[in-house]
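Residue-level structure breakdown
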Amino acid sequence: MQLDPKEVEELAKTLYIRALKLLPPDIKRGFDRLVANETDATGKTILGTMVQNIAVAERTQNLLCQDTGIPIYNITIGKNVEFDGVAMKDAIRRGCERATKEHPLRSSVVHPVTRRNEQTSCGIGVPLINVDFDSREETVEIEMIPKGSGSENGSFLQMLIPADGVKAVKRFVIDKVIECGGRVCPPTIVGVGIGGTSDLCMHIAKVAATRPLGTTCSDPEGAKIEAELSEAELSEAVNELGIGPQGLGGRSTSFRVHVEVAATHITMNPVAVNIQCHSARRANAIIIVLAMMDIKMVSWILLPFSFLFMSIMFPFIFALSIRNLGEQTKIAASGHVMAVGAAGSISAVAMGWLWDNYHSVALSFALPLIGFVRVRVTISGSLSGVDATPDVLTKT
């Protein structure tokens, strides 16, 4: 698979705009839980206003927040992908600039000393472009996160030592969330990084803060701390203070705590906090090569032919399935069409599950292959002893 810089540029542009307008479903579900559990009248009112703001922004295609943030692009590249790294980074930068100029968007990026704004959402070292690799075959995933300054100002690092223990980690997290109060636009996702070096610790804290709400740390010990802070200690210490949504009162100060860990030196144990505000914006896209077999150009040629055969196959199956049903033909025809829609919905979810869990596009396409084999067997049986003419199928 050859990664096309023009395609990357268009995605960088589109994802920036999309992230600023559409809140991810997991955050919306998080709001639903907070509204259901909030007992303070003021807190309920503020949460209701926030939910309404999200709905209005999406309905009118407006921005969720006026702060377009610092643009961050996370690129994950799978196996057997050919790409020019310099061209890819340049394409992302051009896409970011085009989103700002062509939409247009308010650029929030300035030079740190002169405070000059180029009105492109770009500058020295910005957009941030993080590149990683995974085992998915011929796949490139691009995630765009506009990180607003309100929550980014809630970033902290402390270089603990091993003797301080886990209690010191928890105490640092709770103290910093309390210190931020309403300045970070709660309810928030509290990202916590534990271990690594000072810079790595800050990075994984941001990874924790910006991952989908409710996902769990892959490390068992990190997941344990995550659960203890989210379900008991942070809730008790912070929500009881009455900071509430937007700092205006109530119990709904934090959606959840997310933790990420990294190996560290035997003499230190850094901990970092990075907070994500209630407008936890992000958007992603996946570039893939869709084919059952990894035979390069042959796979590309065979894929459209599969759709051609399916277009021929459906009316043939339909005719066979309602043959000789008499008065039941209308009901059978309706049931057949409904079954196709239901099966398509289920198989799409199943294919997605296979892809997510086994990181193989080829394996996910094995599912419809089973269906094709079943259809072939059924047709063979149905045509046994049948004379097919251009006008009608008649039993011999």
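The structure reproduced in this document is the subject of the present report. (Residues numbered from 1 in each chain as written. Predicted model: local features only at pLDDT ≥ 70, side-chain atom pairs only at ≥ 80, totals over all residues. Heavy atoms only, no water.)

So, on to the overall build of the protein. Each helix and strand counted, the protein has twelve helices and ten strands in total. Each of the 396 residues in the protein was classed as buried or not, and the buried ones make up 40%. For the protein, restricting intrachain contacts to residue pairs at least 6 apart in sequence, the fraction spanning at least 24 positions comes to 80%. Of the roughly 21,000 Å² of accessible surface on the protein, 60% is carried by carbon and sulfur atoms. (Helix = DSSP H or I, 4+ residues; strand = E, 2+ residues; numbered from the N terminus. Buried < 20%, exposed > 50% of the residue type's maximum accessible area, 1.4 Å probe, protein only. Contact = heavy atoms within 4.5 Å. Areas by Shrake-Rupley, 256 points an atom, 1.4 Å probe, with all protein chains shown as cover.)

With 28 residues, the main nonpolar core has Tyr-16, Tyr-73, Ile-75, Ile-92, Val-140 and Ile-142 as its most contacted residues. Looking at this core, the elements with two or more residues in it are α1 (5-21), β1 (70-79), α4 (85-102), β3 (139-147) and β8 (283-288). When sequence neighbours within four positions are dropped, the list of residues in contact with Ile-142 reads Val-8, Leu-11, Leu-15, Tyr-73, Asn-74, Ile-75, Ala-283, Asn-284, Ala-285 and Ile-287. (Core = buried A, V, L, I, M, F, W, Y, C linked by side-chain atoms within 4.5 Å.)

You can see Pro-212 is positioned in the loop between α7 (198-210) and α8 (220-238). When the C-alpha atoms of Pro-212 and Arg-282 are compared, they prove to be 9.2 Å apart, with 70 residues separating the residues in sequence. Discounting residues that sit within four places of it in the chain, Pro-212 has contacts with Asp-26, His-258 and Arg-282.

Each pair of packed helices can be described by the angle between their axes along with the distance between the axes. Two elements in contact, α1 and α4, have axes separated by 7 Å at closest approach and are oriented at 40°. Between α1 and α4, the interaxial angle falls into the category oblique. When the axes of α1 and α4 are compared, the crossing they make is right-handed. Contacts between α1 and α4 involve Pro-5, Val-8, Glu-9, Glu-10, Ala-12, Lys-13, Tyr-16 and Ile-17 from the first element and Ala-87, Met-88, Ala-91, Ile-92, Arg-94, Gly-95, Cys-96, Arg-98, Ala-99, Thr-100 and Glu-102 from the second. Split into classes, the residues belonging to the contact of α1 with α4 amount to eleven nonpolar, two polar and six charged. (Axes fitted to C-alpha atoms, helices over the stretch in contact; angles between N-to-C directions. Parallel < 35°, antiparallel > 145°, perpendicular 65-115°, else oblique. Left-handed = near helix turned anticlockwise from the far one by under 90°. Nonpolar A, V, L, I, M, F, W, Y, C, P; charged D, E, K, R; others polar.)

Let us look at helix α6 (residues 165-180). Taking 1.5 Å of rise per residue, the 16 residues of α6 would be expected to cover 22 Å, and the 24 Å separating its terminal C-alpha atoms lies within 8% of that figure. Of the positions making up α6, those classed as buried are Ala-168, Val-169, Lys-170, Phe-172, Val-173, Ile-174, Lys-176, Val-177 and Cys-180. One or two residues past the end of α6 sits Gly-181, with phi positive at roughly 55°. (Expected span 1.5 Å × (residues − 1).)

Applying the stated criterion across every chain, the model contains two cavities of 30 Å³ or more. Taken as a whole, the largest cavity holds about 40 Å³ of empty space. Leu-3, Pro-5, Val-8, Phe-83, Asp-84, Ala-87 and Met-88 together form the lining of the largest cavity. Elements supplying a minimum of two residues to the lining of the largest cavity: α1 and α4. Grouping the amino acids of the lining of the largest cavity by side-chain chemistry returns six nonpolar, no polar and one charged. When its volume is computed, the second largest cavity comes out at roughly 30 Å³. Around the second largest cavity sit Val-177, Gly-181, Val-184, Pro-186, Thr-188, Thr-253 and Ile-275, which together line it. Looking at the lining of the second largest cavity, its residues break down into four nonpolar, three polar and no charged. (1 Å grid on protein atoms, 1.4 Å probe; cavity = no way out; pocket = protein on both sides within 12 Å on 5 of 7 lines; lining within 4 Å. Points joined across faces, edges and corners; volume = space filled by probe spheres on them.)

Of all ten residues in β1, seven are buried, a share of seventy percent or more. Bridging between β1 and β3 involves eight bridges; their strand directions are antiparallel. Bridge assignment links Thr-76 to a residue of β3, and that residue is Glu-141. Alignment of β1 against strand β2 (residues 128-137), held across seven bridges, turns out to be parallel. Bridge pairing links Ile-77 to Phe-133 in β2. (Pairing = 2+ DSSP bridges.)

Below, the discussion takes up the sheet that holds strand β7 (residues 269-276). Taken in spatial order, the four strands make up an open sheet running β4-β7-β5-β6, and their pairing is mixed. Two strands bound the open sheet, and with one partner strand each, they are β4 (155-160) and β6 (254-262). The mean inter-strand angle of the sheet, taken between neighbouring strand axes irrespective of direction, is 15°. Each of β4, β5 (188-195), β6 and β7 touches α7; the most contacted strand, β5, lies at about 150° to it.

It is worth spelling out a nonpolar patch on the surface at this point. Side chains of Phe-83, Val-131 and Phe-133 sit close together on the surface and give an oily, nonpolar patch of about 260 Å² of accessible area. Along the chain, Phe-133 turns up in strand β2. (Patch = residues over 30% accessible without salt bridge, like charges linked within 9 Å, V, L, I, M, F, W, Y side chains within 5 Å. Salt bridge = Lys/Arg side-chain N within 4 Å of Asp/Glu carboxyl O.)

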